[in-house]
Protein chains: 2
Amino acid sequence: MRTALCDRLGIEHPIIGFTPSEHVAAAISRAGGLGVLGCVRFNDADELDAVLDWMDENTGGRPYGVDVVMPSTVPAEAADVDLEAMIPDEHREFVRRTLTSLGVPELPDDAAKGDAVLGWLHSVARSHVDVALKHPVKLIANALGSPPPDVIGRAHEHGVLVAALAGKAEHARRHVDKGVDIVVAQGHEAGGHTGEIATMVLVPEIVDAVGEEVPVLAAGGIGSGRQVAAALALGASGAWMGSYWLATKEYTMTLGESAMQRALLAADSSDTVRTRIYTGKPARLLKTRWTDAWSEQDAPSPLPMPLQNILVSEAHQRIMRSDDPEVVSMPVGQIVGRMNAVRDVDEVMRDLLREAGETFTRLDGIR
Amino acid sequence: MRTALCDRLGIEHPIIGFTPSEHVAAAISRAGGLGVLGCVRFNDADELDAVLDWMDENTGGRPYGVDVVMPSTVPAEAADVDLEAMIPDEHREFVRRTLTSLGVPELPDDAAKGDAVLGWLHSVARSHVDVALKHPVKLIANALGSPPPDVIGRAHEHGVLVAALAGKAEHARRHVDKGVDIVVAQGHEAGGHTGEIATMVLVPEIVDAVGEEVPVLAAGGIGSGRQVAAALALGASGAWMGSYWLATKEYTMTLGESAMQRALLAADSSDTVRTRIYTGKPARLLKTRWTDAWSEQDAPSPLPMPLQNILVSEAHQRIMRSDDPEVVSMPVGQIVGRMNAVRDVDEVMRDLLREAGETFTRLDGIR
């Protein structure tokens, strides 16, 4: 498989892999796709800098990208402490009560409780961009749409392409008008932030809206070669895959073996839920006792971004430490039903390409 | 395009078109697909019989099918009057109040108010099957899953294939175990009754579960040749399309020009909602002031099938007569965003085939 996008990005296969793990990202790039490292977990720009140094040494000279989380409209951002003050007691109390009833232990005294994930803050996302542009990144993707114009401008000055996620054709149109180079059409079935329109409908719609100007990637529901081939049939120039890499050995290398990974392996495609509890915007998560608790009658409505992120930040730390497969908080798409074994990134990539090839051969017989 | 399904059904193209209009169904069959006539609108079996006589004369000897609505578990069915008594006053009052506030006029005195749609009743659906088996139908599809064993048995005795819709792989498995011949994998984005799992994820899942035993049709989000090609790439043996035929001239021939059709032409892919208000089971409808009213805080929860059908039956008659594009009650999928002009069935079919062919050629260039 080789689309125009491959030449544009300097990659062999039109498979773009989003992942919070540098081990996964580097392995995807080494396997001929484009690994895109999610930056939101880095509160400290220096830490990201060090990880990108590692990427530079471990991608074998292949291209890679980064993914930041930057709302297109810059929020009026107060200092950390003021944002904390905006969180209602009712919400804090609900989180406390819920964690207790789910049997999630408190953090030990020596845990760094201040380690809330700050990557959702605009200033922190900007520091990610600053650091990334010091490295030979090929792509900066923004999970929340068009980045601000100066960010797009600076990326272009560095010869870096800018990608933006879109859940509607009108969003894609806006991104391209603002200078975005690649649109990721993220369907309803995708993990993380996602809209209402399913990949099957969304991809051709976005291709019809902007496909003559920029390449469109299909995201949501892709974890097999058949689905990659379907994405290309819909008019996409490639597949953007996120969830599927969570079930890889390389993911475990960065983020450890965990109840989360075991929960993902056990889940089927019905075991996800689209909810605002993770960030304040609708995002698809694994359905667990934690997401169930938020859909009970006594649960408060989630707060807007970034307050919800801050509200649940310590809860996420506690949940992660408790290592209980029934109380996981993890974005994942409906493709989780196809994630049934932990494999190497390289093996995943070879299977995708092999099955896509078989699909094209099968289509030859019926076209 | 020619799959094994084409030989099985005796059709030229693997396009199966579900429609409540005999004019559309006959035109689809004449164009080389399989027209499947929805029977739920026929309260009177004799009326269906007459329409199938018409089909026999107007399909040019090509195969066609029928679609019934038969819950797999036979409900304890009381006489019409007892079902009416099971509907709470609160619900009747809400419907009355809502129609008034939406400006939907009462029925004129001479209108046959008793003409509730009874096709949702098991006994009526059975009468549809009885009538259909007197005609040379090729397929009986059931919108609610496996029909009862005796219905499957009788269909097979008549050499008629049985298809059943499935929104989960486990449902598909159950259908095939009961003797169903064709599974329709109906994704979340589809119109009418639909589950949570999107077509992109659902089709390969159902193909993996039962595809070695029976053909699987992809349903949900299909209204272009790219989407037909994607469905085949996912492993489907053909496309099951319902919504798209609502924007055809032949549909208007059966059911008249209407505000409904104008509303569908104006809608985009975000203008649908999945709700239980149409039948008691989750179904995707056009989003209008009617569906909005049911999601207000003061709205009661929809009743179970068939009570909800009976509750809204007269409302549907009134809404249809009022001919207001803002107060339509109509099942339609997210593909409504691609329904922007009223065309002949034949032209729609030719476009689907042409674009699918172009898609295969395009894929040749990138595979």
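Keep in mind that this is a model prediction, so the values were computed, not measured. (Residues numbered from 1 in each chain as written. Chains lettered and ligands numbered in written order. Predicted model: local features only at pLDDT ≥ 70, side-chain atom pairs only at ≥ 80, totals over all residues. Heavy atoms only, no water.)

Draft legend 1. Just the overall build of chain A, in detail. In terms of helices and strands, chain A carries 15 helices and eleven strands. Taking 2.2 N^0.38 as the reference for a compact globule, 367 residues should give roughly 21 Å; the C-alpha atoms of chain A span a radius of gyration of 20 Å, in line with that estimate. With the C-alpha coordinates of chain A rotated into their principal frame, the extents come out at 60 × 45 × 40 Å. Looking at chain A residue by residue over its 367 residues, the buried ones come to 61%. (Helix = DSSP H or I, 4+ residues; strand = E, 2+ residues; numbered from the N terminus. Rg over C-alpha atoms; globule rule 2.2 N^0.38 Å. Buried < 20%, exposed > 50% of the residue type's maximum accessible area, 1.4 Å probe, protein only.)

Draft legend 2. The environment of Pro148(A), seen in detail. All names here are of chain A. Along the chain, Pro148 turns up in the loop between strand S4 (139–142) and helix H7 (149–157). The class for Pro148 is buried, based on a relative accessible area of 5%. Sequence-wise, Pro148 and Lys178 are 30 residues apart; in three dimensions their C-alpha atoms are separated by 8.7 Å.

Draft legend 3. Summary view of the sheet that holds strand S6 (residues 182–186) of chain B. All names here are of chain B. The eight strands lie next to each other as S1-S2-S3-S4-S5-S6-S8-S9, forming a closed barrel whose pairing is parallel. Taking each pair of neighbouring strands and ignoring which way they run, the sheet shows an average axis angle of 25°. Pairing geometry for S6 and strand S8 (residues 216–219), over four bridges, is parallel. Bridging across to S8, Ala185 finds its partner in Ala218. Lying on the sheet, helix H2 (residues 22–30) is in contact with strand S1 (15–19), strand S2 (34–38) and strand S3 (64–68); it crosses S2 at an angle near 165°. (Pairing = 2+ DSSP bridges. Axes fitted to C-alpha atoms, helices over the stretch in contact; angles between N-to-C directions. Contact = heavy atoms within 4.5 Å.)

Draft legend 4. Representation of the sheet that holds strand S11 (residues 283–286) of chain B within the structure. All names here are of chain B. Pairing is antiparallel across the open sheet formed by three strands, whose spatial order is S7-S11-S10. Unpaired on one side and paired on the other, strand S7 (192–193) and strand S10 (272–275) mark the two borders of the sheet. Across two bridges, the pairing between S7 and S11 is antiparallel. By the bridge assignment for S11, His193 is matched with Ala283.

Draft legend 5. Representation of the relation of the copies chain A and chain B. For these two chains of identical sequence, chain A goes onto chain B by a turn of 180° and a shift of 0.0 Å along the axis, with RMSD 0.0 Å. The symmetry that links the two subunits is that of a two-fold axis. Relative to the rotation axis, the closest C-alpha in chain A is found at Ala230(A), a distance of 2.1 Å. Of all interface residues in chain A, 100% are interface residues in chain B too; the two copies therefore contact each other through one and the same surface. (Least-squares fit on C-alpha atoms with pLDDT ≥ 70 in both.)

Draft legend 6. Spotlight on the pairing of strand S5 (residues 161–166) of chain A. Residue and element names in this part refer to chain A. The buried fraction of S5 amounts to six of the six residues, a majority that puts the element mostly inside the structure. A two-sided burial pattern is seen for S5, the buried positions comprising Leu161, Ala163 and Leu165 on one face and Val162, Ala164 and Ala166 on the other. Direction of pairing for S4 relative to S5: parallel, over a ladder of four bridges. Paired with Ile140 across the two strands is Val162, which belongs to S5. As a crossover connection, the stretch from S4 through H7 into S5 is right-handed. Judged from the four bridges that link them, S5 and strand S6 (residues 182–186) form a sheet pairing that is parallel. Note on S6: the bridge partner recorded for Ala164 is Val183. Between the parallel elements S5 and S6, the chain passes through helix H8 (residues 169–177) in a crossover that is right-handed. (Right-handed = clockwise from strand over helix to strand, strands pointing away.)

Draft legend 7. Structural view of the packing of aromatic side chains. Residues and elements named next belong to chain A. This structure, assessed with the given rule, holds six aromatic pairs over all chains. On the basis of an interplanar angle of 80° and a centroid distance of 5.9 Å, the ring pair of Trp290 and Trp294 is categorised as edge-to-face. A residue pair is termed a helical-turn pair when its members lie 3 or 4 positions apart in one helix, as Trp290 and Trp294 do in helix H13 (residues 289–294) at four residues. Taking relative accessible area as the criterion, Trp290 reaches 0% and is therefore assigned buried. The buried category is assigned to Trp294, whose relative accessible area is 7%. (Phe/Tyr/Trp six-rings, centres within 6.5 Å; stacked < 30°, edge-to-face > 60°.)

Draft legend 8. Fine view of the side chain of Glu22(A). Residue and element names in this part refer to chain A. Along the chain, Glu22 falls in helix H2 (residues 22–30). Judged by its relative accessible area of 11%, Glu22 falls in the buried class. Separated by 2.4 Å, the side chains of Glu22 and Arg41 make a polar contact. (Polar contact = N/O pair within 3.5 Å; in protein donor to acceptor, adjacent residues only side chain to side chain.)

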